[in-house]
Amino acid sequence: MRATGDLTAAVPIHATPTPPQTEEEAERRRRRRPARRPKQPATPVSAPPTPQAVDVAAGPSPSRSMPPPARPDARLDAAAQAGTRLSCPLLPRVEARGPVVGTSPGGAPRRLFFQPHWTEQVVEDALKRGTVFTGKLRVNAHNRNEAYCTIDGIPVDILITGTAQNRAIEGDIVAITVDPVVYWTRMKGQNIASNPAPGGVSVSREVSETNGNHSLKKGQADASCRFEKCSNGQPVPDRMHNHHNNSGFSQAVMCENGHAIVPENYEGLDEGSTESARALQRICSVICSHPSRRPTGKVVSVIKKSPRRGAVVGFLAPFSEFPDGEQRNQMNMQGSKRMNHIASSSLTGLVHLLSTDPKFPQMIVSVSTLPDSIRQRLKEGDIAIEKELVGAQIDDWNEESPYPWARVVQLFGKGGQVETHMDAILFENEICGTQFLSKSMACLPDMSWKIPQEELAARKDLRNVLTFTIDPPTASDLDDAISIETLSGGIVRIGVHIADVSYFVHPETTLDAEAERRSTSVYTLRRKVSMLPSRLSEELVSLNPGVDRLAFSVIWDIDPRGSIVNRWIGRTIIFSCCKLSYDLVQDLISSDANQFRSAAASLQVHGMLKQEDIIKSLRCLYEISKNLKDIRFKAGALSLDTSKPMILFDEDGAPCDSYRYKRKDACFIVEELMLLANMAAAEVISNAFPDCALLRRHPEPNPRKLREFEAFCAKNGFELDSSSSGQLHLSICRIKEELQDDPVLFDILMFYASKQMQSAEYFCTGDVISKDDWAHYALSVPLYTHFTSPLRRYPDIIVHRTLSAVIEAEKMYLKQREISTGRNGVKTKSCETVDRCFTGLQFSKDAAETKEGREALYAAAKKFKVPNSDYLGEAAEYCNERKWASRRAEEAGQKLYMWAVLKRNETMVSNARVLGVGPRFMSVYVPKLSMERRIYYDEVEGLSTEWLEATGTLVLDACRNKPAQRRGSQFKCSRAIEEVAVVVNPSELMLSEDKDEPGAIEAGGPAAADSVLLSDDAVKADVAPAALPLVIRYLSDIPVVLHAIGGEDSPVDIGVRLYISSYFK
């Protein structure tokens, strides 16, 4: 079904909204019959001079779950008029019902569907007084009429419904007021959201991104749905970590059993605290007094518009509103009803745009702004126009229109094609897939370039050291290599060598600007959108085997216990002797003799080294990496790694099947060393430039959400200690041991545990005052950054430049020190201690604070153009947005290819686990896809449901007799049973089984069965259907049928239906 956005406006459309008009449109509209005026005039509403004026003028409609609010008494009215106590946002307000009627500049009445936005100055004053708060709007993907906003300092999200959203859309930074407590909705229990927010992080993904393995929306509302019982409210998408400009009151708010507690001795709320802090205190006190209520509010202004306003993807649809009966009659004479609607758009001058993202409202597009080809097809009544996928941007949304005005800026082609939808995914996430600018390409050296002789002399030469790369077999941009040497005393020297991209990409060049704009490479299984030109990323700097390459290296001396005894950081020249894949390395370190012989035979080595040298070095590295991993987890690191669904492609490149992939031991060799290099780079740059270093942090999970996850585990009989990342990891390891016989339940636990994590993010050290906030929760380290992938991440290039400045400053300082002391290069014992004063294992703060040290750091920063904190803060924020966008695109691409697999195979049968169940729908987890889906079963023809609230049990059965329907009744079942379940007749299923020949099924493969399913579904699987009546409880195993939904004229999605058998088929 196509999402129409019917809940966008809380009031009906009584007249065609007024679009931005051309002269031709204006003349045509003047000929039409004037719009009917409202029967009951209302007091005109103008823009509010103060927040209080709007506060009293309008408020959200009361929730159905609450009794009607009492009319404010005379004392409250007098207080409101006198302006007393208005700094407290908890007083009752007078309700405004229906659309507001205002006055146009010419004096004619005009219908307002929304309240006017407050001015910037009014919002600023209200923020200071604590009557307004800011946050990012997050729209419910299942019900666009619901949105949520997180306010720093308030332990629960603010619910914003209907017209109270006031034209804000997903991702907008908004100013909101909090409603009086009498309007708050009822909150039912706790929840753990089942979908990550935009930018939400998976801990395993955050860590695994370090190894260069780059080729590889349903929420549950705490107001309505629990894990064990789902009472069918609408879901709340998980929120990501956001920064807010509200007061620092969050330090004063603690949560106990999900409820807010404000400590009495909190010093920040004394008489000297701000009005905003005191307002937050009052709100939290009311939340504490009303733990069963969720605060509600309304948007009064959009402070910062979401970038997604400029990248909307959807399908065009006819505009159903006709200006008068004459044109409606004219349309009825043109043929079929559907063609009439299409052709009507050319007469009304309007079409609808239905976004593929359910979080976006329905939009209106003026036909005059459409491309000529589309306008002509509309005029001809071409119904195929509804299957064209288009890209648009929102131009305007004023208070007189129930829908935003959009303009089509790109045509992708016919829906239902993988390439068409992939183009739309890139557009929707503002990912540039075009060719690089000619000016950018001009920044690269010509084809005859070779490493200059002076560069060879200035760098450490490591070309005789055994060095190799480990990457996916299809990788072409190799940005990291590993070297190993054995020293005396059992010391092993290990090096991580990163492609020296900053040597070619200089600051303040066109190539640098384009790389910054792209910010990251995007990998969508069959398509790669590179951050840098392939001439650079695959040739000049890619660490290909058999050629000399420029590198940025971190080298450690490690003793047999795994302790680092020395470290060197600098620029090098390396020679990779071979390119290894993860599978090949796994076979080479395997104890299986057959696998080893096969792998060794395929090993190709360049240079003077032998195969035996490579194999011996890999096994040594494997043992060292295991040791480093053990040390890291003993120090408190956290891993939530599970197997992931992967797509298989046929010879023609079409998706044909899926499987679950679990990372092998070979992956951890690279991962541990890359983590070590990133931590070393973070330590060096943050010590040398404490105010302008680009780091990456991972905030601790929200305490309330962790407690909810603890409660979830406890209800399933598992003890979870989330007091720290290390204790959480130990708890998960114990649970994994207990669930060896139930891996699906463990996957579910990891699925939810990942959703409790906040997003890792880049930040400028000068923007975060407390160093405690610099830490990385999952890695359990105080300092971390990205250094190891400059070919695909722009932040790594910034880190390379900063690190280059530190190395240069170190050289300058030591040289100046030698000159000033007159030693002429003769090192004494005291000088040896500062030989690597900035890049060694111990940073010399004394050296950095001397006059020579400060001058050296300043000169080096200027030479390498290290960005200042203001620019770096903006760059970090932009890189975060781009990384989240690339992640959304990659996940959307994964879903698209899985959709294509299901569309090609028609359907797929799988087992699923029930996560929540209620009278209207159930939520199920499908292990094969690692995703959660809903199955709605209310008002289904031929299916009876019985919900037992006391035991949380659902009974589904076939209706033996059709229910009696009263004459004249409009009631009817809204859906056919085929939309909810695939039903087979047991007798037909037995006949099908009799036809199967013994031994015809391959080991581990699917069983071929004749199709006996409704709607000609061709299900091929060995999963038996469930028999009716079907009793379903929390965590029940049930068979389901997966199938492709939409694509041609509606959003791509994966649907789930019950797989059941019944003689009443």
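The following refers to the structure shown. Nothing here was measured: the structure is a model prediction, and the numbers come from that model.

1. Focus: helix H21 (residues 743-755)
Right, so step 1: The end-to-end C-alpha distance of H21, which contains 13 residues, comes to 19 Å, matching closely the 18 Å that a straight helix rising 1.5 Å per residue would cover.
Right, so step 2: With 11 of its 13 residues buried, H21 lies for the most part within the structure.
Right, so step 3: Along H21, the residues that are buried comprise Leu745, Phe746, Asp747, Ile748, Leu749, Met750, Phe751, Tyr752, Ala753, Ser754 and Lys755.

2. Considering the sheet that holds strand E23 (residues 548-558)
Right, so step 1: Read from one edge to the other, the open sheet built from seven strands follows the order E17-E24-E23-E20-E19-E18-E25, with strand pairing classed as mixed. The open sheet has two edge strands, strand E17 (460-461) and strand E25 (578-581), and neither has a second partner.
Right, so step 2: Bridging between E23 and strand E24 (residues 564-575) involves 11 bridges; their strand directions are antiparallel. Among the inter-strand pairings, isoleucine 558 is bridged to a residue of E24, identified as isoleucine 564.

3. Structural notes on the side chain of arginine 933
Right, so step 1: Mapping arginine 933 onto the fold places it in strand E32 (residues 931-936).
Right, so step 2: Polar contacts involving the side chain of arginine 933 include one to the main-chain carbonyl oxygen of isoleucine 1054, which spans 2.9 Å.

4. Looking at the environment of glutamate 939
Right, so step 1: Its place among the elements puts glutamate 939 in the loop between E32 and strand E33 (943-948).
Right, so step 2: Sequence separation of glutamate 939 and isoleucine 977 is 38 residues, and the distance between their C-alpha atoms is 9.4 Å.

5. Brief notes about the packing of helix H20 (residues 725-738) against H21
Right, so step 1: Two numbers describe how H20 lies on H21: the axes approach to 9 Å, and their chain directions differ by 160°. As the angle between them shows, H20 and H21 are arranged roughly antiparallel. Crossing geometry of H20 relative to H21 is assigned as right-handed. Along its contact with H20, which presents Ile732, Ile735 and Lys736, the element H21 presents Phe746, Leu749 and Met750.
Right, so step 2: Here the residues of the contact of H20 with H21 are counted per class, giving five nonpolar, no polar and one charged.

6. Structural notes on the sheet that holds strand E15 (residues 388-396)
Right, so step 1: Sheet architecture is closed into a barrel: five strands sit in the order E12-E13-E14-E16-E15, paired in mixed fashion. The mean inter-strand angle of the sheet, taken between neighbouring strand axes irrespective of direction, is 55°.
Right, so step 2: Strand direction decides the pairing type here: strand E12 (residues 312-318) and E15, joined by four bridges, are antiparallel. What sits directly across from valine 312, in E15, is alanine 392.
Right, so step 3: Relative to the sheet, helix H10 (residues 418-428) contacts E12, E15 and strand E16 (405-414), its axis offset from that of E16 by approximately 145°.

7. Some details on unusual backbone geometry
Right, so step 1: Geometrically, the link from leucine 1028 to proline 1029 is a cis peptide bond, its omega value of 0° lying close to zero.
Right, so step 2: Mapped onto the elements, proline 1029 comes out in the loop between strand E36 (1026-1027) and strand E37 (1030-1032).
Right, so step 3: Although it is not a glycine, asparagine 166 sits at a positive phi angle of roughly 50°.
Right, so step 4: Here glutamate 430, not a glycine, exhibits a phi torsion of approximately 55°, which is positive.
Right, so step 5: Of note, glutamate 430 is situated in the loop between H10 and helix H11 (438-441).
Right, so step 6: By relative accessible area, glutamate 430 is classed as partly exposed at 41%.

8. Description of the nonpolar core
Right, so step 1: Counting residues in each nonpolar core, the largest one holds 114 residues, and the members touching the most others are Phe468, Ile494, Leu580, Ile614, Leu618, Phe787 and Phe838.
Right, so step 2: Take this core: its biggest share by element is 16 residues, from helix H18 (residues 665-688).
Right, so step 3: Apart from the residues lying within four places of it in its own chain, the contact partners of phenylalanine 787 are Ile498, Phe552, Val554, Ala677, Asn678, Ala681, Arg793, Asp796, Val799, His800 and Leu803.
Right, so step 4: Core analysis: the next-biggest nonpolar cluster, separate from the first, contains 49 residues, Val914, Met931, Ile977 and Val1052 among them.

9. Notes on the pairing of strand E26 (residues 644-649)
Right, so step 1: Pairing between E26 and strand E27 (residues 655-661): six bridges, direction antiparallel. Of the residues in E27, the one forming a bridge with leucine 648 is aspartate 657.
Right, so step 2: Hairpin connection between E26 and E27: a loop of five residues separates the two successive antiparallel strands, and glycine 653 in this loop has a positive phi of roughly 85°.

10. A closer look at the environment of alanine 481
Right, so step 1: Relative to the elements of secondary structure, alanine 481 occurs in strand E19 (residues 480-486).
Right, so step 2: C-alpha of alanine 481 to C-alpha of aspartate 471: the two residues are 10 residues apart in sequence and 9.4 Å apart in space.
Right, so step 3: The contact partners of alanine 481, leaving out residues within four places of it in the chain, are Thr467, Phe468, Thr469, Gly495, Val496, His497, Leu543 and Ile574.

11. Considering the pattern of salt bridges
Right, so step 1: According to the stated counting rule, one finds 48 salt bridges in the structure shown.
Right, so step 2: The partner of arginine 663 in a salt bridge is glutamate 671, and the shortest N-O contact between them spans 2.6 Å. Per residue, the accessibility class of arginine 663 equals that of glutamate 671, and both read buried.
Right, so step 3: Within the structure, one salt-bridge network assembled from shared partners comprises Arg632, Asp641, Lys644, Arg663, Glu671 and Glu672.

12. Looking at the environment of cysteine 959
Right, so step 1: Within the fold, cysteine 959 resides in the loop between strand E34 (953-958) and strand E35 (981-984).
Right, so step 2: As for cysteine 959 and valine 940, which are separated by 19 residues in sequence, their C-alpha atoms are 10.0 Å apart.
Right, so step 3: The contact partners of cysteine 959, leaving out residues within four places of it in the chain, are Gly942, Leu943 and Ser944.

13. What about the packing of aromatic side chains?
Right, so step 1: Here the structure, examined in full by the defined rule, presents 15 aromatic pairs.
Right, so step 2: Each ring, one from tryptophan 449 and one from tyrosine 503, has its centre 6.4 Å from the other, and the planes form 55°; the classification is tilted. On the criterion of sequence distance, the pair formed by tryptophan 449 in the loop between H11 and helix H12 (453-458) and tyrosine 503 in the loop between strand E20 (492-499) and helix H13 (510-518) is long-range, its members being 54 residues apart.
Right, so step 3: By relative accessible area, which is 23% here, tryptophan 449 ends up partly exposed.
Right, so step 4: Ring geometry for tryptophan 449 and phenylalanine 504: centres 5.1 Å apart, planes at 70°, overall edge-to-face. Of this pair, tryptophan 449 sits in the loop between H11 and H12 while phenylalanine 504 is found in the loop between E20 and H13, placing the two residues 55 residues apart along the sequence.
Right, so step 5: Linked through ring pairs, Phe709, Phe712, Phe751, Tyr752 and Tyr925 together constitute an aromatic cluster.
Right, so step 6: One residue, arginine 518, lies across the ring of phenylalanine 436, its end atom 3.8 Å from the ring centre.
Right, so step 7: Over the ring of phenylalanine 763 we find arginine 697; its NZ or CZ atom is 5.7 Å from the centre of that ring.

Criteria and cut-off values
- Residues numbered from 1 in each chain as written.
- Predicted model: local features only at pLDDT ≥ 70, side-chain atom pairs only at ≥ 80, totals over all residues.
- Heavy atoms only, no water.
- Helix = DSSP H or I, 4+ residues; strand = E, 2+ residues; numbered from the N terminus.
- Expected span 1.5 Å × (residues − 1).
- Buried < 20%, exposed > 50% of the residue type's maximum accessible area, 1.4 Å probe, protein only.
- Pairing = 2+ DSSP bridges.
- Polar contact = N/O pair within 3.5 Å; in protein donor to acceptor, adjacent residues only side chain to side chain.
- Axes fitted to C-alpha atoms, helices over the stretch in contact; angles between N-to-C directions.
- Parallel < 35°, antiparallel > 145°, perpendicular 65-115°, else oblique.
- Left-handed = near helix turned anticlockwise from the far one by under 90°.
- Contact = heavy atoms within 4.5 Å.
- Nonpolar A, V, L, I, M, F, W, Y, C, P; charged D, E, K, R; others polar.
- Core = buried A, V, L, I, M, F, W, Y, C linked by side-chain atoms within 4.5 Å.
- Salt bridge = Lys/Arg side-chain N within 4 Å of Asp/Glu carboxyl O.
- Phe/Tyr/Trp six-rings, centres within 6.5 Å; stacked < 30°, edge-to-face > 60°.
- Lys NZ or Arg CZ within 6 Å of the ring centre and 35° of its normal.

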